[in-house]
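Summary of the model geometry
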Amino acid sequence: MRVLVIGAGPAGTRCAERLAGRGARVALAGAEPALPYDRIALGRLLAGDAEVPALITHDAARLRGLGIRYLPATRVAALDRAAGTARTARGEALDWDRVVLATGSDAVRLPLPGAALPGVFLYRSMADVQAIRRAAAGGARAVVIGGGLLGLEAAAALSVAGARVTVVHALGWPMERQLDPAAGALLARQLGATRRLRFVMPAVTEAIEGDGRVEALRLADGTRIACSLVVMAVGIRPSVALARESGLEVKRGIVVDDAMRSSDPRILAIGECAEHRGQVCGLVAPALAMAEAAAMTLAGESVAYAPRPDAAALKVSGIAVWSAGEVAPADAEAVTLSDEEAGVYRRLWLRGGRLVGAVLYGDTADAGFYLDLITGGRPVAPFRARLAFGAAHAEAA
Ligand SMILES: Cc1cc2nc3c(=O)[nH]c(=O)nc-3n(C[C@H](O)[C@H](O)[C@H](O)COP(=O)(O)OP(=O)(O)OC[C@H]3O[C@@H](n4cnc5c(N)ncnc54)[C@H](O)[C@@H]3O)c2cc1C
């Protein structure tokens, strides 16, 4: 069976590897010129803590050894479902019996005046990071728009690389999707103290100003922040154009069933481009789990992909912050542990006697314990009074 995997991010590469191991003839077409690399480690490249070779997950010899035909810098422009062929942007034809779409997401570029000026960057690919690094050399003044996980990671990395960094965030505290306001305030304070990040929030960006290149960011209240470099980290959008133009069912992502099949059963979709039971993912763990499921489907094994609750940690060294499940749902009871002296804060949310969400700040050693409780849905009544103190105390008789 000839399988064409489109997109050589973590999901596509994992799926190609599993399929080749099961005897399929696999071609892996990736739009990026690089060998498959560890996208989640791009912050280390930006900070100057790692160079490109350290990020490569599959070099040419490994791909060859796996029997994968790797096609770098190959964007698939069209699928002909009737003929069983694909056309690349360069006009080559690729034959397939099955297709796995693993096209991931695109970073959102805010449609602001000045957004196309040189010096405005997205934070998604190795090429983005290499361009930011060049622009930041020599101690630039940088603004990161977006105080979510990626924005903070980019800001901290830029600071390590010597830039003076301001984070402009639309909400009143950073990482609002993962943290409650109290944990967010602790995080902003610690990033200010340890990484010299300046936060401007809540704030709405109105324009990027400059004559031929970036000179300042203008906020809706008229404030101007002088800078030579802007990084937009304001969200991602599933990359679905190819699927849509091929006539597949697409909502926010490419609609798939539990076996990762799209509306055409010969074409599967995995990772951030896929929409499973109304959800699109934005983390690597579910993307890889979908890749495993798709490989099983194509090998004729029966599989039902079941998502686990999301868990996320900020990858900034010296800062321990983690969250999982539902954060501050309106219909849940909250349990809080706060030790300001020790810099430890925990907030847990319970519904129907079960843990549904957790935020840990300052000490994340019990993250696995809380994630298991959220995932397993085990009743916490027997140890509720000790729950916030972590596994060792909660489970002591
Ligand atoms: C800087 C950064 C840090 C991150 N940190 C974390 C983290 O700590 N933890 C975590 O869980 N997640 C993290 N993420 C998110 C994680 O990287 C994604 O969830 C993961 O990469 C999704 O994998 P994917 O294979 O679905 O998509 P992608 O990684 O986006 O890969 C898709 C690939 O397909 C290619 N492509 C698109 N269209 C075509 C086409 N038509 N033809 C050929 N190729 C195409 C794209 O160029 C891309 O290379 C981070 C993301 C970034 C950017």
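Residues numbered from 1 in each chain as written. Predicted model: local features only at pLDDT ≥ 70, side-chain atom pairs only at ≥ 80, totals over all residues. Heavy atoms only, no water.

Under an unreviewed UniProt entry, the name given to the protein is NAD(P)/FAD-dependent oxidoreductase, and the organism recorded is Roseomonas nitratireducens. The Cofactor (unreviewed entry) field of the UniProt record for the protein holds the comment "FAD". Per UniProt, the comment on the protein under Sequence similarities (unreviewed entry) is "Belongs to the FAD-dependent oxidoreductase family." (UniProt positions renumbered as here; feature names shortened; annotations may be inferred.)

Below, the discussion takes up the site of the ligand. Close contacts around the ligand come from 29 residues, with Glu-32, Arg-39, Arg-124, Glu-272 and Lys-315 the closest. At 3.4 Å from an oxygen atom of the ligand is found a main-chain nitrogen or oxygen belonging to Pro-10. Considering the ligand on its own, with 1,000 Å² of exposed area, one finds that the protein chains cover 92% of that surface. Class assignment of the residues belonging to the shell around the ligand gives a composition of 13 nonpolar, nine polar and seven charged. (Near = heavy atom within 4 Å. Polar contact = N/O pair within 3.5 Å; in protein donor to acceptor, adjacent residues only side chain to side chain. Areas by Shrake-Rupley, 256 points an atom, 1.4 Å probe, with all protein chains shown as cover. Nonpolar A, V, L, I, M, F, W, Y, C, P; charged D, E, K, R; others polar.)

Mapped onto this numbering, the UniProt entry annotates "domain: FAD/NAD(P)-binding" (unreviewed entry) at residues 1–278. The straight-line gap between the two end C-alpha atoms of residues 1–278 is 30 Å; of that span, 26% is helix and 28% is strand. (Helix = DSSP H or I, 4+ residues; strand = E, 2+ residues; numbered from the N terminus.)

Once that is clear, we can look at the sheet that holds strand β25 (residues 344–351). Spatially, β22-β23-β26-β25-β24 is the arrangement adopted by the five strands of the open sheet, whose pairing is antiparallel. Looking at the sheet topology across the chains shown, the edges are occupied by β22 (311–313) and β24 (333–339). Taking each pair of neighbouring strands and ignoring which way they run, the sheet shows an average axis angle of 15°. As paired elements, β24 and β25 share seven bridges and run antiparallel to each other. For Ser-338, the partnering residue across the bridge sits in β25 and is Tyr-345. (Pairing = 2+ DSSP bridges. Axes fitted to C-alpha atoms, helices over the stretch in contact; angles between N-to-C directions.)

At their nearest, the axes of helix α6 (residues 149–160) and helix α7 (residues 181–195) sit 11 Å apart, and the two run at 15° to each other. Judged by the inter-axis angle, α6 sits roughly parallel to α7. Crossing hand, α6 versus α7: right-handed. Of the residues in α7, those touching α6 at Leu-152, Ala-156, Ser-159 and Val-160 are Leu-187, Leu-191 and Arg-195. Looking at the contact of α6 with α7 residue by residue, the classes come out as five nonpolar, one polar and one charged. (Parallel < 35°, antiparallel > 145°, perpendicular 65-115°, else oblique. Left-handed = near helix turned anticlockwise from the far one by under 90°. Contact = heavy atoms within 4.5 Å.)

Turning next to the packing of aromatic side chains. With the rule as written, the count across this model stands at one aromatic pair. Ring geometry for Phe-369 against Tyr-370: centres 5.0 Å apart, planes inclined by 55°, an arrangement best described as tilted. We classify Phe-369 as buried; its relative accessible area is 11%. (Phe/Tyr/Trp six-rings, centres within 6.5 Å; stacked < 30°, edge-to-face > 60°. Buried < 20%, exposed > 50% of the residue type's maximum accessible area, 1.4 Å probe, protein only.)

Looking only at helix α10 (residues 367–376), the buried set comprises Ala-367, Phe-369, Tyr-370, Leu-371, Leu-373 and Ile-374. On its buried face, α10 sits against β22, β23 (321–325), β25, β26 (354–361) and α11 (391–394). Phi for Gly-377, located one or two positions after α10, is positive at around 65°.

Our focus in this paragraph is the sheet that holds strand β12 (residues 198–200). Read from one edge to the other, the open sheet built from five strands follows the order β9-β16-β10-β11-β12, with strand pairing classed as parallel. The strands lining the two open edges of the sheet, one partner per strand, are β9 (120–122) and β12. If you compare each strand with its neighbour and ignore which way they point, the axes differ by 25° on average. For β9 and strand β16 (residues 229–232), the ladder comprises three bridges, and the chain directions are parallel. When the bridges of β16 are listed, Val-120 appears paired with Val-230. Here α6 sits on the sheet in contact with β10 (141–145), β11 (164–168), β12 and β16, set at roughly 165° to β11.

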